[in-house]
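In case you want the letters, here they are:
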Amino acid sequence: MVNQVWQPLPGVGGVLIYPFLRKVDIVSSNSYLVAAPGLVVLVDPGGLPGQADDLLREIETLITEKPRPVLVCLTHVHLDHCHQLLHHPGFRAIPRMLVAVQESGARALEAHDRAATIADLIRQEVGTTRIDIRLLPPGVGGEHRDELLNFAGTSVITCLDSLSLGGGLTMPRQTLPLEGDATIEFLPAPGHSPDSICIRIGETLFLGDLLFSTAPGVAGLKGWDQKALLSTLDRVIALLQKGCITLCLPGHGRPLDAATTVRTLQEMKKEASRLEGIESVNPEWVKDTAAYAGELMGEVDRLFTVIAGRLVYVAHVLEELEEAGEAERFRGMIDSDLVDELLSDFNRFSLDFHSGQVLDIHLALKANQISQKLEKIYQGEMLSSVLDLSLVRRVGRLLEDYTVTFRGFRPRIEPGPTDLSAVVREMVAAISRPPYQEEGIIEAETEEDFARALALRIAYVNPFEHLHIEYFPGENLPPGMVDRERFLDLLLYILEKISVAGVSSLQVATGGTNGRVFVKLQFPVSSAFMEENVRRFVARGCSLSNGRCEISGTRENTTVFMEYPALGSLQDGVRGDESSGTGEPIPAKHRLIVPSGRIDGASAPVLEGELSRAIDEGNRRIVVNLSSVDYMSSAGLRVLLAAMKRLKKADGNLVLCAMKPFVQEVFDLTGFSRIFTICESEEEATRLLGP
């Protein structure tokens, strides 16, 4: 079928079709004009003004040559198919125009339903149009009945009955006369949306968005229905297998023959059967997924750059050593130019997004498109033979996670009992240990083995050379329910970020409270962790490893606190996508004290009295929130120290939290930071105290 050219419509003599075909996107659909001697039919006017202008010019030519009614049919009411009908003044100027919409779609348009029309996702107004024919009303599919219809001033008969498809299947339909014995058949196709229909004229079937009903970002839209979709797929496949249709015209993309369409729909059935329980595609989901897209593609870009750079470096060194064959093999492991092109394309798109030219849904769709292309390029097994396995594994997991997320599911989490102290200890030891054996080159038996062992050694880069890590493991910790591989990926990400940012020292500690175990990383202020996207990426990564995370900072230090449920606790199942710092209430057995202003020689006795009363009343776990304290002298320090000593003797504890920078500096410079437990929030302090 030739685009934007009038040509015969298969199976109906004297009827022509003018297809307006577009590339696949959510901005606008394909449109189709059908011209019969007594009627012009427009299927889906689309979403773009230029497209509407072209269609309106063709319609004007047709009705100028021979005045006749114009019937506008919507395969469904998503605005990419009908926005111009609702807003373009040219449609209101057409004489004798009628609009035909399926019953539930008609109700959605009349109610200006933003979700049903996806106006909320693409940030457009619904608009208004007159609806003349409400197609396939409730009850269609029973016995045959005819209804008289006033069709642009002419009385016509519309027939409502059922179409037999064989094998016990039937399909409701509604027909309108077109030309001679030819009719327009409207067939319900719910699943993609409640109002979705297919339209048959002669040997041509207009599919609407049926072919895209299982696509990521589409499955899960308001009104999407897995059960209804599976039923529709069965019926449309049966219809096509009857052999009366030769051409299928989708709402997006190129025309297909019937056989190809059947194969496509059969594959869709398999996909649709796996989509139970997908998330709803709504503005909140789109916003979160778009944010994730930006974070993920930034990290993928970084990792691909590292991988490609190391391959280029290894190839260069091997050439210098006259190992030209191995050098060429390394160059061929990944198409760096294509990767650069794809990631640059996404970066340009992301800039348009941040400047307001691109919507959240567009960014999410773009990231899905790019990630799928990168997955085809990426050959992890080959790369892992010469590069750090963790580096290779992380890229593959990131691409897979986004695909799963965009599909509408949560990425798979596999938590298991994990000794966090041991895992962190192994990681700290491993980051300074090369991934190759020194004997590998010496013991190589063939030239090929020698070249590969040499390449592995050349490719090794230790980004943590200048990072001094102090590790303080907790004792006798219960196993945490942790996705170990994801946790290691996250820990590596954090270490890389702070090391590359110039941080030279890091303190890592593991510990536990009742029902939870934690890993705490503290390091000098890092510019990397001032970036919101880095913080979100870490928080999301922690959630995907079955934990939750807090990132906090003072003028001197940044703290990353990652917490996991302990084996056997009430929380040892897989977590939802949650984060801490949401205002959890202080447990009943905890006492919260919130002093304010200056705590000096004059006011310290007030704090001392409040702490003493709390202890005398039997409180053994006290949180002192210092967020409202502007100044603390040595008198205040002595009061807090005395209270902590009393509590320790009574098997209790006192935790400080939410210090302002000046107060934190006092504690740091006096050494009291090493005596007290200091947290960034009440929630963290409460968790550390336990019940």
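(A) Structural view of the overall build of the protein. From N to C terminus, the protein includes 22 helices and 28 strands. Restricting the contact set of the protein to residue pairs at least 6 apart, pairs at least 24 apart contribute 70%. Of the accessible surface of the protein, which amounts to about 30100 Å², a share of 51% is contributed by carbon and sulfur atoms.

(B) Just the environment of P411, in detail. Mapped onto the secondary structure, P411 falls in the loop between α13 (389–407) and β16 (416–418). Considering only alpha carbons, one finds P411 and E400, 11 residues apart in sequence, at a separation of 8.1 Å. Residues within four places of P411 in sequence aside, it is in contact with D401, V404, T405, R486 and L544.

(C) Structural context of a negative patch on the surface. On the surface, D335, D337, D340 and E341 cluster together to form a negatively charged patch. Relative to the helices and strands, D340 resides in helix α10 (residues 336–354).

(D) Layout of the pairing of strand β8 (residues 145–151). The pairing of β8 with strand β9 (residues 154–166) spans 7 bridges and is classified as antiparallel. In the sheet register, L148 faces β9, and the bridge partner there is I157. Once β8 ends, the chain turns through 2 residues before running back antiparallel as β9, passing A152 with a positive phi of about 55°.

(E) View of the side chain of T289. Relative to the elements of secondary structure, T289 occurs in helix α8 (residues 283–320). Once residues lying within four places of it in the same chain are set aside, the contact partners of T289 are A364, Y402 and F406.

(F) Highlighting the sheet that holds strand β23 (residues 590–593). The sheet built from 4 strands is open, its strands ordered β23-β25-β27-β28 with parallel pairing. In the strand order of this sheet, the two ends are held by β23 and β28 (677–679), each with one partner. Taking the axes of each pair of neighbouring strands and ignoring which way they run, one obtains an average angle of 25° across the sheet. Here helix α22 (residues 682–689) sits on the sheet and contacts β23, β25 (621–625), β27 (653–657) and β28; the angle it forms with β25, its principal contact strand, is near 160°.

(G) Broad picture of the sheet that holds strand β10 (residues 169–179). Strand order in the open sheet formed by 8 strands is β8-β9-β10-β11-β12-β13-β14-β15, and the pairing between neighbours is mixed. The open sheet has two free edges, formed respectively by β8 and β15 (256–257), since each of these has just one partner strand. Lying on the sheet, helix α6 (residues 226–241) is in contact with β9, β10, β11 (182–188), β12 (197–201), β13 (204–208) and β14 (247–250); it crosses β10 at an angle near 60°.

(H) Representation of the nonpolar core within the structure. Of all hydrophobic cores here, the largest spans 115 residues; its most connected members are L374, F487, L521, F529, V538, V560 and M562. Among the elements that line this core, the one with the most residues is α8, at 15 residues. Residues in contact with V560, not counting those within four places in the same chain, are I494, V519, K520, L521, F523, F529, V538, C549, E550 and I551. Residues V34, L39, L135 and A182 belong to the second largest nonpolar core, which totals 32 residues.

(I) Summary view of the environment of P69. Here P69 shows up in the loop between α1 (49–65) and β5 (70–73). By relative accessible area, which is 7% here, P69 ends up buried. Residues P69 and F151, 82 residues apart in the sequence, show an inter-C-alpha distance of 8.2 Å. Contact partners of P69, with chain neighbours within four places excluded, come to G38, L39, V40, R96, L98, F151 and A152.

(J) Broad picture of the packing of aromatic side chains. One pass over the full model with this rule turns up 8 aromatic pairs. Look at F487 and Y564: their rings are 5.8 Å apart centre to centre, the planes differ by 90°, and that puts the pair in the edge-to-face class. Of this pair, F487 sits in helix α17 (residues 484–500) while Y564 sits in strand β22 (residues 557–565), and the two are 77 residues apart along the sequence. As far as the burial class goes, F487 and Y564 line up, both buried. A connected cluster of aromatic rings, assembled from ring pairs, spans W285, Y292, Y402 and F406.

(K) Focus on unusual backbone geometry. The residue R96 is not glycine, and still its phi comes out positive at about 55°. Within the secondary structure, R96 is located in the loop between α3 (89–92) and β6 (97–102). Of note, D651 is a non-glycine position whose phi angle comes to about 60°, a positive value. Topologically, D651 is positioned in the loop between α20 (634–649) and β27.

(L) Quick look at the side chain of T559. Note on placement: T559 falls in strand β22. Engagement of the side chain of T559 in a polar contact is seen with the side chain of Q522, the distance being 3.1 Å. Contacts of T559, omitting those with residues within four sequence positions, involve K520, L521, Q522, E550, I551 and S552.

(M) Inspection of the packing of helix α19 (residues 604–616) against α20 at higher detail. Packing of α19 against α20 leaves a shortest axis separation of 9 Å and a crossing angle of 10°. Relative to α20, α19 is oriented roughly parallel. Each of A604, L607, E608, L611, S612, I615 and D616 in α19 lies in contact with α20, whose residues at this interface are A635, G636, V639, L640, A643, R646 and L647. Grouping the amino acids of the contact of α19 with α20 by side-chain chemistry returns 9 nonpolar, 2 polar and 3 charged.

The rules behind these values
Just so you know, the residues in each chain are numbered from 1, in the order the chain's sequence is written. Where local features are concerned, this predicted model is filtered to residues with pLDDT of at least 70; where side-chain atom pairs are given and counted, the filter is 80 or more; whole-chain, interface and lining totals use all residues. Note that the side-chain values use all heavy atoms of the structure and ignore hydrogens as well as water. Under the scheme used here, helices are H or I runs from DSSP no shorter than 4 residues and strands are E runs no shorter than 2 residues, and both carry numbers assigned from the N terminus. Note on contacts: a residue pair qualifies if any of its non-hydrogen atoms lie within 4.5 Å across the two residues. Note that accessible areas follow from Shrake-Rupley with a 1.4 Å probe, and for residues the cover is restricted to the protein chains shown. Each patch is built from salt-bridge-free residues with over 30% relative accessible area, joining like charges within 9 Å and nonpolar side chains (Val, Leu, Ile, Met, Phe, Trp, Tyr) within 5 Å. A pairing counts as a salt bridge when a side-chain nitrogen of Lys or Arg comes within 4 Å of a carboxyl oxygen of Asp or Glu. Charge assignment: positive for Lys and Arg, negative for Asp and Glu; neither His nor the chain ends contribute. Positions of charges follow a simple convention, taking NZ of Lys, CZ of Arg, CG of Asp or CD of Glu. By definition, two strands form a pair when at least two bridges between them are found by DSSP. To obtain each axis, a line is fitted to C-alpha atoms, and for helices this fit is confined to the stretch in contact; angles are then taken between N-to-C directions over 0 to 180 degrees. Only buried residues count toward a nonpolar core. Its members are Ala, Val, Leu, Ile, Met, Phe, Trp, Tyr and Cys residues joined through side-chain atoms within 4.5 Å. Each residue is assigned to one of three classes by its accessible area relative to the maximum for its type, calculated with a 1.4 Å probe on protein chains only: buried under 20%, partly exposed between the two thresholds, exposed over 50%. When the centres of two rings from Phe, Tyr and Trp lie within 6.5 Å, Trp using its six-membered ring, the rings pair. Their planes under 30 degrees apart give stacked, over 60 give edge-to-face, and anything left gives tilted. What qualifies as a polar contact is a pair of N or O atoms within 3.5 Å, subject to a donor-acceptor requirement within protein and to the restriction that residues adjacent in sequence count only when both atoms come from side chains. In what follows, roughly perpendicular refers to angles from 65 to 115 degrees, roughly parallel to angles under 35, roughly antiparallel to angles over 145, and oblique to any angle outside these ranges. Under the scheme applied here, ten amino acids are nonpolar (Ala, Val, Leu, Ile, Met, Phe, Trp, Tyr, Cys and Pro), four are charged (Asp, Glu, Lys and Arg), and all others, including Gly, are polar.

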